[in-house]
Amino acid sequence: MLNVIVQRLILSIPVLFGVMLFGFLLMQVVPGDPALVVAGPSATPDVVAAIREEMGLDKPVLVQFWGYLERMAQGDLGRSMISNKAVTEELGAALGPTLELMIGAMIWSVPVGIAMGTLAAVLRGSLVDRAIMALSVAGVSLPIFFISLVMIQWLGVTYPIFTFIGRPGPWYTAEGFMGLFLPAFSLGLILIGPVARMTRSSVLEVLKLDHVRTARAKGLSETRVILAHGLRNALIPVITLVGLQVGYLLGGAVVTETIFSWPGLGRLAVGAILSSDFTVAQGTIMLFALGFITVNLIVDVLYSLLDPRVRK
Amino acid sequence: MTMTSANAASAAPATEDADQVTAPARAHWFRRLLRDRAAALALLTLTVIILGAVFAPWLATHDPASNSRSIMTPPVWSAMGEAEHWLGTDGQGRDIYSRLLYGARLTLLIGFLAVGLGGFIGSLIGLMSAFNEKLDPIVMRTMDVLLSFPAILLGLALVAVMGQGVVPVVIALSVSSIPDCARVARGIAIGVMKQEFIEAGRAVGLSNLQLFQRYLVRNAISSIMIFISLRFGQTILIGATLSFLGLGAKPPAAELGMMASQGREFLLFAPHIAVIPSVVIFVIVLSANVAGDALRDVLDPRLQA
Amino acid sequence: MTAKTRSIRAGLGIATAMVLALPAAAQELTIIRNQDSNHYDPARTAALSGSEVLFMLADTVVGLDEDMSTIVPHLASSWEISDDALTYTFTIKEGVTFCDGKPMTAEDVAYSLNRWYDPETKSPVRWRMGDVKSITAPDATTLVYELNEPHSELLYQLAQSFGSVVDKETVEALGPDFGVTGFNGTGPFCWESWTPRDKMVLTRHEGYTWGPTNYENTGPAQVEKVTWQIVPEAATRTVAMLTGQGDISPYVPYIGVDKLRKAPTVDIVESNEAFWTNYVGFKITKDMVGDVKVREAINLAVNQEAMAEDLFFGEVEPAYSYISSGALDWDESLDDKLLTYDPEKAAALLDEAGWTLNSAGKREKDGVVLSPLAITFTGEWQTTVEAVQADLLKVGIDMQIEPMDATVYWGKSATDDFDMYVMGFPYVSAGDALNLYFRSSNIPTPNRMNYNDPKTDELLLTGSHATSDGDRAAAYGEVLATVHDEAIWLPIYHKPMQIAVSKKMKPFEAHNIYGAGLYKGLQLGFAD
């Protein structure tokens, strides 16, 4: 078992390195001179030269890359070109709200999706199956920005039950919950479709397996067969799917956070990129990638734990 | 639902070869596709929208960039509608129907270019990776790196570097298609490589290039094409989202995501400005997804269940 | 109009739904605005989003009345100006303390003003201080401000947020983090926390009593806590006010103003003393717009009145002059010469200038199509520029647009890579506006037009040094005539000051200083 974990960890090292390289290259190709951007429009040439030296921009690219790796290893991501706050500080402040939003989205949509998918599989070919499948394909086809706008209009304005500007507090406070509901609900909607579809096909797959047939032959009720044998085995690919959907969800969070003024990583990334705050942009993109890699590492390990076929 | 299946295919070994198409299933596939009523409807809708986009200059009733004094006019079926503007006007008094045609044109063009480019590069990488075992681990790790960046962020980063415009969006969408396409193409190609005729070809003394072109590409291409077409819906959706975030086309060009984005300012007063383009995006993506799913079902008996 | 019926219907729905809305916590005020500032160091920012918070965090030597012309005592209880108008002697109040409890003296005032003037600080608005000889504090209650040349607007400039008094120790301790991670001023509110691009939280400065005398309440503030919440989406700001999620917003889009005016829970506070003009400027050294005839034609081709009605819902005043005719020293004889909408004349002027229509309906000269590049902020400005683009297209000008985020825009607008740019600016008088934009020494920014006319420079200096109202008005009048003749700008509209306020708040008068409608915030309180 430890073998698998170590193996996966080793495999993710080159990926991590690649991500770092990407982040470095991003700073290399930004338009114009980063020193000029930092110095601002009214700076004199000697000020720019000083900044260039400070940032190490006058050194050869390889030396710069080494310095960059060293800084990364120490957790130093530089300072925001705009607010001058340490990038790690900005990321730290935004990470919590984003995690809260993503968990808030997954906590209701994953169970709902699994339930829908199971139901569709059990009632395969029926009207219910067709309806659920139609709903989930519609779900993955809806633009997230449209869902968010409709939600604000519906549950924020026409029936002003929930708030929709920013994050009034942590989720466990009353105001915090009221503020989290709409963005988490909107974001979760895009996840239901994929989860339901994956669950359906994976339950169908499992139901064909021998031990399920045996269970059925033993005269166990259909519900028990599905819950005890079908679903448990069917969930393995669904876990994988949810892990992979984290990337998709992060993309969605960029939009949701923008529309709901949510102070998370997505909005930080959009704001930083649109305002050419390259250090913060680099930091957020790398954090996103790191999060994606970590989640998939966990999923890989989980997968090998759960699935006897892989364990062999 | 392209993205999910692709991801699942890449991660779960059980479904890795799901996209392999066996020869008999391919027979009369189009006729069987049309027998599925939902798929037929989806194909019809897509065709109509594509035709509308292609013939936009002839079908438009107004210059899409030209404004007028009648702003926020609702569609013609509403009590306040004007016959002059079938789908009403936007906040600048521009004709929404005409902008929709041109907008669909740009949106579809971005989708086609991105899927084509990303699909081509991705499958080439996947095929080569399957063909050359030394190349394989390096290529696949690189794909892992690319996969770690959500398409929307990649788009944002590219726009930061290249400036706002259609080109960076197309590149971002292509790049984010590459890893999925490469993985699937590799899976398909590995299946093909196991078959006897490759060995036979090698025995006859064919060069690597000839083997690659004559056998591998020819036998894998149709399955790969199907997979690429499955990505179309999702690519359009992400492209529209990038436009919505203020990247993409420059004004006064019309693009569906941008139209929806500009309409949100008027949501409280003239919701049709944002709703109409959003619905069109939804219809395009839905049709592409339904048609894609049906195509897969018809061509892949394993998933037909 | 269709939108109106719809909005009334929607308004009724909202009225019934309001009952369900959450009650806001008492004595905590949420102000909704559109964007954040890069930082809150008064000497280093010229952004309105910085100033509006800094007015609450810190104080200035003198204050400005809501009438926008009366200078009132603030940190200085009185002042004297020497006969040659070169020496200003201020008497600084005693008993003023910083947020950390430390007493403030004239020494701190001198430090803050010298820091603003210091070239090392790189203040973008250093020129506002005039030609300074020295600023000293001979004792704890006296400040002496000496000039080399008279500066007729000095007191107005000292009321701006740039001269905010800050604590030297905090500035030096925080270094580049000053105004980022912390602050220490003497204002009616103190810095609690700042999350960039999200919110700024301020708490009441207990014991504050030295507010400017234009306010009935000179301290302490009536509310305990102020949160400046950023909501980038314009439409969301409107609905947030409608649903009571915000108490005040000076940034409601024009489309939402009328709706809020009619809503039972919100008032719109307006001011007649607002001087803020939005214009499109020409980079006159560029080939595309170098010819005055082309610039005149563009002025004639754009229909400001239609824009004011359609894009801004009649909430703004279409502008043909570069400053509002209500501003001090506007020359009324110019009123009849302004360029108003006349597309035929525009076409004729273009023909005259050699830009003739080609087969594609575009203006062309020597094989070059007349396609000036305009840079613009995203958001409302982009809408404005798109309307200009559509108007110009009707006379065959193929204007190109490059929209960008505000932070990028400021840098870009200091370059030479465009033909037209957009800008909106607050001012108190003709002299304030003209000195800002038309001095050749202010090239490349804020004089982004590259306007360089020695005669104008001389007149601006005359106006600025004038010690009589008549001389000053004459000098500025002449400059106004010249720049309008040269069609250096395309004015778009004069922006009103409109603040959406929840009816839970006590009524108050809007301020206009630098466009910061809430000024010190001492007037803001909840009704009982």
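As a starting point, this report considers the structure included with it. (Residues numbered from 1 in each chain as written. Chains lettered and ligands numbered in written order. Predicted model: local features only at pLDDT ≥ 70, side-chain atom pairs only at ≥ 80, totals over all residues.)

Taking 1.5 Å of rise per residue, the 36 residues of helix H6 (residues 96–131) of chain B would be expected to cover 52 Å, and the 51 Å separating its terminal C-alpha atoms lies within 8% of that figure. Most of H6 of chain B is tucked away, with 27 of its 36 residues classed as buried. (Helix = DSSP H or I, 4+ residues; strand = E, 2+ residues; numbered from the N terminus. Expected span 1.5 Å × (residues − 1). Buried ≥ 20, exposed ≤ 12 C-beta atoms within 10 Å, placed from the backbone.)

Right, let's get into the interface of chain A and chain B. With 48 residues of chain A at the contact, the number on the chain B side is 42 residues. Residue assignment for the side of chain A that touches chain B shows that the elements contributing at least two residues are helix H1 (2–28), helix H6 (127–141), helix H7 (144–158), helix H8 (174–207), helix H10 (222–259), helix H11 (265–274) and helix H12 (278–306) of chain A. Top element by residues in the side of chain A that touches chain B is H10 of chain A. It accounts for 11 residues. Looking at the side of chain A that touches chain B residue by residue, the classes come out as 37 nonpolar, 10 polar and one charged. (Contact = placed C-beta atoms within 7 Å. Nonpolar A, V, L, I, M, F, W, Y, C, P; charged D, E, K, R; others polar.)

Attention now moves to the sheet that holds strand S15 (residues 356–357) of chain C. All names here are of chain C. Reading across the sheet, the three strands line up as S15-S16-S17 and stay open at both edges, with antiparallel pairing between neighbours. A strand with exactly one partner marks an edge of an open sheet, and here the two such strands are S15 and strand S17 (368–369). As paired elements, strand S16 (residues 363–365) and S17 share two bridges and run antiparallel to each other. Bridging across to S17, Glu364 finds its partner in Val369. (Pairing = 2+ DSSP bridges.)

All names here are of chain B. Relative to each other, helix H13 (residues 256–263) and helix H14 (residues 272–299) sit at 150°, their axes nearing to 7 Å. On the basis of the axis angle, H13 is roughly antiparallel to H14. The two elements H13 and H14 cross, and the hand of that crossing is left-handed. Contacts from Leu256, Gly257, Met259, Ala260 and Gly263 of H13 reach H14 at Ile273, Ala274, Pro277, Ser278, Val280 and Ile281. A breakdown of the residues in the contact of H13 with H14 according to their chemical character gives eight nonpolar, three polar and no charged. (Axes fitted to C-alpha atoms, helices over the stretch in contact; angles between N-to-C directions. Parallel < 35°, antiparallel > 145°, perpendicular 65-115°, else oblique. Left-handed = near helix turned anticlockwise from the far one by under 90°.)

Let us now look at the nonpolar core. By size, the foremost hydrophobic cluster in this structure holds 337 residues, and its most contacted members are Val195 and Ala269 of chain A, Leu153 and Leu156 of chain B together with Leu57 and Val109 of chain C. The biggest single contributor to this core is H10 of chain A, with 16 residues. Mapping this core onto the domain boundaries places at least three of its residues in each of domain 1 (14–271 + 497–515) and domain 2 (276–494) of chain C. (Core = buried A, V, L, I, M, F, W, Y, C linked by C-beta atoms within 7 Å. Domains from an automatic or database assignment.)

All names here are of chain C. Look at the link from Gly219 to Pro220: it is a cis peptide, with omega at -10°. Mapped onto the fold, Pro220 is located in the loop between strand S9 (199–204) and strand S10 (225–230). Residue Pro444 is bonded to the preceding Ile443 through a cis peptide linkage, with omega at 5°. Along the chain, Pro444 falls in the loop between helix H13 (430–438) and helix H14 (454–465). Even without being a glycine, Met68 presents a positive backbone phi close to 65°.

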